[in-house]
Amino acid sequence: MACCGRSLDSPCTLALLVGFQFAFVLYFSLGGFRGLVSVLVHTTEPEFDYSRPHDVYTNLSHLAALPPPPQQPPRDAGGTGSPGTAPPLKECQMPSPLLVGPVSVHLAAPLSLEEIRRRNPLVSAGGHYRPPDCEPRHHTAIVVPYRNRQTHLRALLYHLHPFLQRQQIHYSIYIVQQWGNSTFNRAKLLNVGVREALRDEDWSCVFLHDVDLLPENDHNTYTCHKQFPTHLSVAMDKFRYRLPYPQYFGGVSAVTPDQYMKMNGFPNHYWGWGGEDDDIAARVRLSGMKIVRPPVAIGHYKMIKHKGDRGNEQNPRRYSSTTLDELEPLYTNLTVNIGEDPRLPLHKLPNQKKAGKPPAAAGAGAEAEVKSQIDQPRGSGGVGGGGTLPLNLTRPAAEKLRDPAHSESANRTTATSQPPTRRGKPGVVK
C-alpha cells in the first residue's frame, strides 16, 4: 500500500485512475444508476425480443371464420312455446391466448380506409368490437383528440384494431376532432370525448390516446387499474424507450369513470400542445391517487414522425365532409366546436363565419346536432376546473352507430326527423 502514497506516476496510482475511468464509462453506457442496478440486481421484469416482431394481424384469421351465433327456434303452432335461447358464452381468458408480444409497426404508406375495413371484418359501425367467441371481461373506450392528421389516423386505425382484438376486450374508438381554425386544445377535447363515450355505453375504462402513438407489444393490455390512473406509454422511441421524467403522463393513459370524476376531469385552459399532461398528473396526486405503469419492457410505443406544430396555434385547413364520410366504419366521429383561445387578440381570431357549419360526422347522412354541457361533479367549477363548458357537437344518431347492417346508401340520406335522446341523459336535440 506504500506505493499508493508516492508520486502520480506510480503503478498503483495509474491502476486506480484506469479503473475509475472504466467504471465511469460503464456507468453511463448502462444508462446511469438505474441501468447499473438492473445489471447487478436480478429483476422480475419480463424480457421480449423486439428484433423479431410479429405481424400485427397475427392470430386473427380464425375469428373471421367463426359461424354466426345460433338463431332462436320458432315458437310452436299454438304460439305458447317458449323461444329457445343460445347458451351463454364463456368468459374470455386473461391474459388472452391470442397475444404474441412484440408486433411490427408500419409507418410508411398506410392502407386506404376501405382496405383497413376489409382487414377488420368484425369491427362494426362506429369502430365497435366485441369478441365473437367469449364474453369480454373488460370494456374500454378509446378517446383520440384529433385535427388534420389523416395519414396518422389511418396508421392508428390499421394498427390499433387488430391489436385490441387480440386482447379480447370489448372496445370502441372515438375520434374527437376540433372544428374550425382556433388553437388546438387537447385536454378540452378529452373532456368532450369522455363525456360522450360514457353517454354511449357504460364503459369501465377510458383510454386517452394520441393519434401518433402506436403500441409495440400486445401484452400492454388496454384495461384500467381498479384504484389508480394508468400511464401506458412509458417507453417511447422518441425518448429512447425511457420514461422522460417520473411524473410524465402524456401520450397514452387510462382512467376509470370514477377516477376521472375524483380528479375533476382535465384542465380546459391549455391551448396548444404541451403542459396539460403535467397538469393532469398533478390532479392525480392532489386527488390522493398515484400513477401506475406497466413494465418498461412492455410499454413500448413508436411515434409517427411529423413536423412541429409551433404550438398548433392555427390550422390552415378546414375539414371536408367528403373525406370524413369514408372513415365511419372504423370509428365514432365527434366534431366539436370548443370556442376560441382567449389569449389571442380579437383582431387575430380566425374568421369562423368563413368556415361555415361544422362538418358532418363521419359517414353519417342521418345525424343529430347535439348541444350539451359537461357535468359539474364538484362545486361550480365544472369538469376540468374551467367552469361550465358549452359545446356544440355533431355526431351520428345512436342507432346508426350500433347497427352494422345499416346500408351505405341510407347513410348518405338526409333525415329530417329528430332522433331520440340517448338513455334519458341530459342533452338538447336541435
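Predicted, not measured: the structure shown is a model, and the values here were computed from it.

Q: Would you explain the overall build of the protein in this entry?
A: Summing up its helical and strand segments, the protein has twelve helices and 13 strands in all. Taking the contacts inside the protein whose residues are at least 6 apart along the sequence as the reference set, 82% of them involve residues at least 24 apart. Counting every atom, the protein has about 22100 Å² of accessible surface; 55% of that belongs to carbon and sulfur.

Q: Got a minute to help me understand the environment of P46 in this structure?
A: Positionally, P46 belongs in the loop between helix 2 (32-40) and helix 3 (61-64). On the basis of relative accessibility, which here comes to 31%, the residue P46 falls in the partly exposed class. Distance from P46 to P295, taken between C-alpha atoms, is 7.7 Å for residues 249 residues apart in sequence. Those residues within four positions of P46 in sequence are excluded, and the remaining contacts are P295, A297 and I298.

Q: Can you help me understand the state of the cysteines in this one?
A: Between two cysteines, a covalent bond joining their sulfur atoms is known as a disulfide. In the structure shown here, the tally under the stated rule is two disulfides. Here C92 is linked by a disulfide to C134, with a sulfur-sulfur distance of 1.9 Å. When the S-S torsion is 90°, as for the bridge of C92 with C134, the disulfide is right-handed. On the criterion of sequence distance, the pair formed by C92 in the loop between helix 3 and helix 4 (113-119) and C134 in the loop between strand 1 (128-129) and strand 2 (139-146) is long-range, its members being 42 residues apart. Just as C92 is buried, C134 falls in that class too. The disulfide bridge from C205 ends at C224, spanning 2.0 Å between sulfur atoms.

Q: Would you take a moment to explain the pairing of strand 2 for this structure?
A: Regular strands show a simple pattern: their side chains alternate between the two faces of the sheet. With seven of its eight residues buried, strand 2 lies for the most part within the structure. Bridge count for strand 2 against strand 3 (residues 170-178) is eight bridges, and the pairing is parallel. Across the sheet, residue A141 finds its bridge partner in strand 3, namely S172. With helix 5 (residues 150-165) bridging strand 2 and its parallel neighbour strand 3, the resulting β-α-β unit is right-handed. Two strands pair when backbone bridges link them, and strand 2 and strand 4 (residues 205-209) are joined in this way by four bridges, in the parallel orientation. The residue of strand 4 that forms the bridge with T140 is C205.

Q: What am I meant to see in the pattern of salt bridges here?
A: Between side chains of opposite charge, pairing is possible as soon as their charged atoms come close. Evaluated as defined, the whole model comprises eleven salt bridges. A salt bridge links E135 to R130; its shortest N-O distance comes to 3.4 Å. By sharing partners, the salt bridges in this structure join E114, R117 and R118 into a single network.

Q: How should the environment of Y222 be read in this particular structure?
A: Tracing the backbone shows Y222 in the loop between strand 5 (213-215) and strand 6 (230-231). In sequence terms Y222 and F163 are 59 residues apart; their C-alpha atoms lie 9.6 Å from each other. Here H209 takes part through its side chain, which lies 2.9 Å from a polar atom of the side chain of Y222.

What counts, and where the lines are drawn
- Residues numbered from 1 in each chain as written.
- Predicted model: local features only at pLDDT ≥ 70, side-chain atom pairs only at ≥ 80, totals over all residues.
- Heavy atoms only, no water.
- Helix = DSSP H or I, 4+ residues; strand = E, 2+ residues; numbered from the N terminus.
- Contact = heavy atoms within 4.5 Å.
- Areas by Shrake-Rupley, 256 points an atom, 1.4 Å probe, with all protein chains shown as cover.
- Buried < 20%, exposed > 50% of the residue type's maximum accessible area, 1.4 Å probe, protein only.
- Disulfide = S-S within 2.5 Å.
- Pairing = 2+ DSSP bridges.
- Right-handed = clockwise from strand over helix to strand, strands pointing away.
- Salt bridge = Lys/Arg side-chain N within 4 Å of Asp/Glu carboxyl O.
- Polar contact = N/O pair within 3.5 Å; in protein donor to acceptor, adjacent residues only side chain to side chain.

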